[in-house]
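Structural overview for review
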Amino acid sequence: MEGEIATNTDLAGPWTLVVPLKPLARAKSRLAPVAGAALRPRLALAFARDTVTAALSCRAVRDVVVVTDDTEAGAALAALGARVVPDEPDSGLNAALAHGERTVRTERPGAALAALNADLPALRPAELDRVLDYSAAFPRAFVTDAAGIGTTFLSAAPGVELRPTFGGPSRARHLDSGAVEIVLAGIDSVRQDVDTGDDLRAALALGVGPHTAGHWAAGVSSPDR
């Protein structure tokens, strides 16, 4: 039910993931040239649904908190088992993440937290589990995106502030902040976020989840996309 923390079925995972999501009408604007105006918001939601589904399947994940003001997206992600909280700051990505962090740690001060992008449609649970296991050795750790510029994942150990600086060249900012970069091999699905047509093609090559695959297949065959 929306408003209650949804948990992984075995309750074994120590991690809470915070996933921010823009209102769908504004999401993934750089995909418009390849997706069209009608398909673009549907793809943004499909990316988030595949991301949350994979995250909730991870052994190391206790629960997923989605921060969004989009009612359609919120309902869809709550139905998958995520807790949805409103983006009360409404001041961008990092403010949304900080709000999610406060929400979780007000209830569970000792929670291990990680911020995860909502646009990882090829995400593999086993790869995210490896990232989370590695992160547990450090106060803060992050995964850079496939382009080597941005960030797709940032963790904070219990009692450690997340201090997110996502957006643009965030890899450099997270390094400067003292977070450890995770350079494991074989975590391509955790790195492959989707902002552009080239990103989408790369994610499709890795193999996307069923929501993205279905909307993309239907959308590319539609004359109204």
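Here, the structure is the one placed above.
Presented here is a report on the structure given in the accompanying data block. All values reported here derive from a predicted model rather than from experimental measurement.

Comments concerning helix α1 (residues 32-56)
For α1, with 25 residues, the first-to-last C-alpha span of 29 Å runs short of the 36 Å given by 1.5 Å per residue. The largest bend in α1 is about 95°, located at Ala-38, with the proline Pro-41 one to four residues further on.

Some remarks on the pairing of strand β1 (residues 15-20)
A regular strand places its side chains on the two faces of the sheet in alternate fashion. Of all the six residues making up β1, six are buried; the element is thus mostly covered by neighbouring parts of the structure. Burial along β1 is two-sided: the face carrying Trp-15, Leu-17 and Val-19 and the face carrying Thr-16, Val-18 and Pro-20 are both buried. The sheet contact formed by β1 and strand β2 (residues 61-67) spans six bridges and is parallel. Each residue of the ladder has a partner; that of Val-19, found in β2, is Val-66. Alignment of β1 against strand β4 (residues 112-116), held across four bridges, turns out to be parallel. Along β4, the bridge assignment pairs Trp-15 with Ala-112.

Let's talk about the packing of aromatic side chains
Summed over all chains, the structure comprises one aromatic pair. Between the aromatic rings of Tyr-134 and Phe-138, the centroid separation amounts to 5.4 Å while the plane-to-plane angle is 40°, which identifies the pairing as tilted. Here Tyr-134 falls in the partly exposed class, since its relative accessible area comes to 31%.

What about the side chain of Arg-140?
Note on placement: Arg-140 falls in strand β5 (residues 140-144). Among buried charged residues, Arg-140 stands out as having no salt bridge; its nearest opposite-charge side chain is Glu-161, 7.9 Å away. Only 3.0 Å separates the side chain of Arg-140 from the backbone oxygen of Leu-162, close enough to count as a polar contact. Apart from the residues within four sequence positions on either side, Arg-140 is in contact with Leu-154, Ser-155, Ala-156, Val-160, Glu-161, Leu-162, Arg-163, His-174, Ser-177, Gly-178, Ala-179 and Val-180.

What counts and what doesn't
- Every chain begins its residue count from 1, and numbering advances along the sequence as written.
- Confidence filtering applies because this is a predicted model: local features only for residues at pLDDT of at least 70, side-chain atom pairs given and counted only at 80 or more, and all residues used for totals across whole chains, interfaces and linings.
- Side-chain metrics rest on all non-hydrogen atoms present in the structure, leaving aside hydrogens and water.
- Starting at the N terminus, helices and strands are each numbered in turn, a helix being any DSSP run of H or I of at least four residues and a strand any DSSP run of E of at least two.
- In this analysis, the expected span of each helix is defined as 1.5 Å times one less than the number of residues it contains.
- By definition, a residue's bend is the angle between the axes fitted to the seven residues ending there and the seven starting there.
- For each residue, the accessible area found with a 1.4 Å probe, counting protein chains only, is set against the maximum for its type, and the residue is called buried under 20%, exposed over 50%, and partly exposed in between.
- Strands qualify as paired when DSSP identifies two bridges or more between them.
- Two aromatic rings, drawn from Phe, Tyr or Trp (for Trp, its six-membered ring), form a pair once their centres lie within 6.5 Å of each other, and the interplanar angle then sorts them: stacked below 30 degrees, edge-to-face above 60, tilted otherwise.
- In this tally Asp and Glu are treated as negative and Lys and Arg as positive; neither His nor the chain ends contributes.
- The rule for a salt bridge is simple: a side-chain nitrogen of Lys or Arg has to be within 4 Å of a carboxyl oxygen of Asp or Glu.
- Pairs of N or O atoms within 3.5 Å make up the polar contacts considered here, provided that, within protein, one atom can donate a hydrogen while the other can accept it, and that residues adjacent in sequence are counted only when both atoms are side-chain atoms.
- Every residue pair with non-hydrogen atoms within 4.5 Å of one another is taken to be in contact.

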